[in-house]
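What the coordinates show
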Amino acid sequence: MGGKFPRILACGDSALSVELADTIDETVSERIIALAANLAATPVKGIEELVPTYRSLMVIYDPSVIRGHALDRELHRRLMVLTVNSVPARRFDVPVVYGGSVGLDLQELADMKEMTLAALIELHASAEYRVYMIGFAPGFAYLGGLPERLHTPRLATPRQRIEASAIGIGGKQASINSVPGPSGWRFIGRTPLRLFDPHRSQPFLLQAGDRVRFRPVSEDEAAELDRAVAAGQPVMEAQLS
Amino acid sequence: MSFLVIQQIGPMATVQDLGRRGLSHAGVSGSGPMDMPSFRIANALVGNVENSAAIEFGGTGGSFSVLRPARIAVTGGAVDIRLGKRKLSPWESYTLLPDDVLSIGALRDCVWGYLAVSGGVDTVPVLGSRATHVRTGLGGYEGRRLQAGDRLPLGRDNPGVNLALRQLWRRSGGPVRIVPGPQDDYYSAETQRAFLKASFIVSPARDRMAQMLDGHAVHAEGGHDIVSDGTCAGSIQVPASGRPIVLMAERQTTGGYPKIATVATVDLPRLAQVPSGRHVSFAAISREKAEELLIAERTALRECLANLVEKPETDDVSGGMPS
């Protein structure tokens, strides 16, 4: 990576952004996560939070403990010696009921792409996705790896309420919604899983760097999973590979 | 257990504490008070520990009663406060008895006020905090804005005297100070100069999440879309409409608009407190300067909180500053 990256940008007096690129790229994401892991393993006094995003790591710090310019120097030093070890990714199979009232754009998307519903579902479920970041809302997963044929612009006018658990497509990205709210993305199904539940011992299901595959399930199987999730039973475990 | 009974309340009131820290990486907004110094002073005046939960209200307060005697304090700015027919002053504490009704009117010349009650609001913490995040329904009282009829549980109240400030807590004046960036390179030098010269109007389109600015459109020559990255309180982002948005306490954790500048932490409460329709302008300072201002303000606030004066017990209704 030559040119202007890496660079460290001030975000006011209590945060900065370590930028490794301005594109969405798996190698960049791996380095961001490796830098966050490095800082978690060998902490710098004064760093309060680390927020990995697609192409940058936001570092929230307390200027009473470490000043920004000193933190810049330390972060540049860490970057120089940073090694990206291939740690096993956590892999998740996410059950999805395609269509239905939550997946309200499925038919329109199929028409737009001149595909049958079955072909569209198969294409969406055939890819492996990478969780690039958790952001916007608690546990909301931004996924990369959407097959190019499924890339679709967002709606001009966002809808006021999309359910938690909706499976979305926004531009080149895919998503799994974690809380209900407004969205301009298109939605093709829902998962019985809850990405976010503040009352669970593990409130957040996914983290940056995880791998996700979607597994089509029937309404009946989804209803069974819904009951298990409502009863607080674990319905999905990470596979390490 | 005692309760704070809400008889009437304004439309923008929530339970807040210092905020939900350490979960930005999981998409969880910090939330917390819009005006941190005013919040902290309110808690200190009633003898609460600093992370006690209190009520934040926007515009109009409400009327309140308690089941057991408690100390109360209102901060934020000038406001009519009455205990029955007695007129009370903000920025000092009083004893509220079970037969009393505390009425808090509309704030004058500011937007956000705080009502702290001794013992603190004792709702169940969610993800380590009692702060309400309205958008996602997290924390506070049932994850929502407060309504008439709500009964907020209060924590154990340590006996203590009523307190007042030794000196007024003054907000700085002049332009709101900003640190350029992180995406200032999306804006031409001319656009950045015009941004600093402009007089913006504080839009009524505002909530705990964001403050819109009207009166001067800002065009990002480098485009209004970036690959999403992290946001912080005070980020000034500009979507394609050209209307700047300042992200506030309840901001989303990541965003896809280029951020021309970040409001200095010391001036963010001041911006939050500017009434809608008023003009604001910005002045650029270095990150180092903004850090120094923040460190100095923390010291000043610590001293302010450590030097509260005891009010004479017999003169609880004097309402004045100590001479």
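In this convention, every chain numbers its residues from 1, walking through the sequence in written order. To label them, take the chains in the order written and letter them from A, then take the ligands in the order written and number them from 1. The model is predicted, so local features are restricted to residues of pLDDT at least 70 and side-chain atom pairs to those at 80 or more, both for listing and for counting; the totals for chains, interfaces and linings are taken over all residues.

**Let's talk about the environment of G160(B)**
All names here are of chain B.
- Put simply, DSSP H or I for four residues or longer makes a helix, DSSP E for two residues or longer makes a strand, and each gets a number counted from the N terminus. Within the secondary structure, G160 is located in the loop between β11 (151-154) and β12 (163-164).
- Burial is judged by counting other C-beta atoms within 10 Å of a residue's own C-beta: 20 or more means buried, 12 or fewer means exposed, and anything between counts as partly exposed, with every C-beta placed from the backbone. Note on G160: 13 C-beta atoms within 10 Å, which makes it partly exposed.
- Along the backbone, G160 and F195 are 35 residues apart, and their C-alpha atoms lie at a distance of 50 Å.
- G160 has contacts with G47 and R71, leaving out every residue within four places of it along the chain. Two residues form a contact once the distance between their C-beta atoms, set from the backbone, is within 7 Å.

**Looking at the environment of L163(B)**
- Tracing the backbone through its elements, the reader meets L163(B) in strand β12.
- As for L163(B) and V15(B), which are separated by 148 residues in sequence, their C-alpha atoms are 23 Å apart.

**Some remarks on helix α2 (residues 68-80) of chain A**
- Each helix should span, by expectation, one fewer than its residue count multiplied by 1.5 Å. Helix length check: α2(A), at 13 residues, gives a terminal C-alpha distance of 18 Å against a target of 18 Å (1.5 Å per residue), a fit within 8%.
- Of the positions making up α2(A), those classed as buried are G68(A), L71(A) and L75(A). Viewed end-on, α2(A) has its buried residues packed into an arc of 55°, placing them on one side of the element. In α2(A), the exposed positions angled more than 90 degrees off the buried face are occupied by H69(A), R73(A), R77(A) and M80(A).
- Buried residues in α2(A) make contact with β1 (7-10), β2 (15-19) and β4 (56-61) of chain A together with α4 (287-306) of chain B. Directions are taken from the helix axis to each C-beta atom, and the arc is the one they span.

**Quick word on the packing of helix α1 (residues 36-45) of chain B against α4(B)**
Residues and elements named next belong to chain B.
- Between α1 and α4, the shortest axis-to-axis distance is 10 Å and the interhelical angle comes to 20°. If you check the angle between α1 and α4, you find them roughly parallel. At the point where α1 passes α4, the crossing takes the right-handed sense. Of the residues in α4, those in contact with P37, R40, I41 and A44 of α1 are L301, C304 and L305. Fitted lines through C-alpha atoms serve as axes, helices being fitted only where they are in contact, and the angles separating the N-to-C directions of these axes extend from 0 to 180 degrees. What sets the label is the angle itself: under 35 degrees gives roughly parallel, over 145 gives roughly antiparallel, 65 to 115 gives roughly perpendicular, and the rest give oblique. By convention, the crossing between two helices is left-handed when the near helix turns anticlockwise from the far helix through less than a right angle, and right-handed when the turn is clockwise.

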